[in-house]
Amino acid sequence: MNELALFNNLFDGFDEDGLLMPSFSLKKAFNLPKTDVKEDEKAYTLEMDLPGKTEKDVNVELNNNVLTISSATEDKKEEKSGKKDNKWIIRERSWSKFSRSFTLPEDVEPEKLAATVKNGILTVTMPRKESTTPKKIAIKVE
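Residues numbered from 1 in each chain as written. Predicted model: local features only at pLDDT ≥ 70, side-chain atom pairs only at ≥ 80, totals over all residues. Heavy atoms only, no water.

Looking at this structure, I do not really get the pairing of strand 7 (residues 114-118). What am I missing?
A regular strand carries its side chains on alternate faces of the sheet. In terms of strand pairing, strand 7 meets strand 8 (residues 121-127) through five bridges, oriented antiparallel. In the sheet register, A115 faces strand 8, and the bridge partner there is V124. Taken together, strand 7 and the strand that follows it, strand 8, pair antiparallel across an intervening segment of two residues, in which N119 is found at a positive phi of about 50°. (Pairing = 2+ DSSP bridges. Helix = DSSP H or I, 4+ residues; strand = E, 2+ residues; numbered from the N terminus.)

If you want it as structure tokens, here you go:
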């Protein structure tokens, strides 16, 4: 298989009655970063939009041929008047968290994966194993 299999975490949890029916999370669907995956004869390349994030904000892990990209950050925005002893008038805090997992094709060399972040785009390069050419086996006559 030459495609990355995508695990979407859109159907987490239980319904309101506690049944084992998955529930669709629209908020989670819109918080997932957009991802493109392309391939050529030498490698697969994954590009994920992560505006405002640096390499310190993102975690990239490979476990049992599953590539997981995750992030959890807290942004603080503060506005207050010029006096030191005044109470807060506006204090906004936000946080973001996501995790996406991709099952890698069997022809990826896991030891050679490389990840970079530039201009808000995470790029993971996944080189392919060198293709093995069929070996001719001589038949002996007995």
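Sorry if this is basic, but what is going on with the sheet that holds strand 7 here?
Whether parallel or antiparallel, the strands of a sheet pair through hydrogen bonds between backbone atoms. Reading across from one edge, 2-3-8-7 is the order of the four strands in this open sheet, with antiparallel pairing throughout. Two strands bound the open sheet, and with one partner strand each, they are strand 2 (35-39) and strand 7. Direction aside, neighbouring strands of the sheet carry axes that sit 15° apart on average. Pairing geometry for strand 3 (residues 43-49) and strand 8, over seven bridges, is antiparallel. (Axes fitted to C-alpha atoms, helices over the stretch in contact; angles between N-to-C directions.)

Which parts of the structure should I look at to understand the side chain of S101?
As for its position among the elements, S101 is in strand 6 (residues 90-103). In terms of polar contacts, S101 uses its side chain to reach the side chain of T68, at 3.0 Å. (Polar contact = N/O pair within 3.5 Å; in protein donor to acceptor, adjacent residues only side chain to side chain.)

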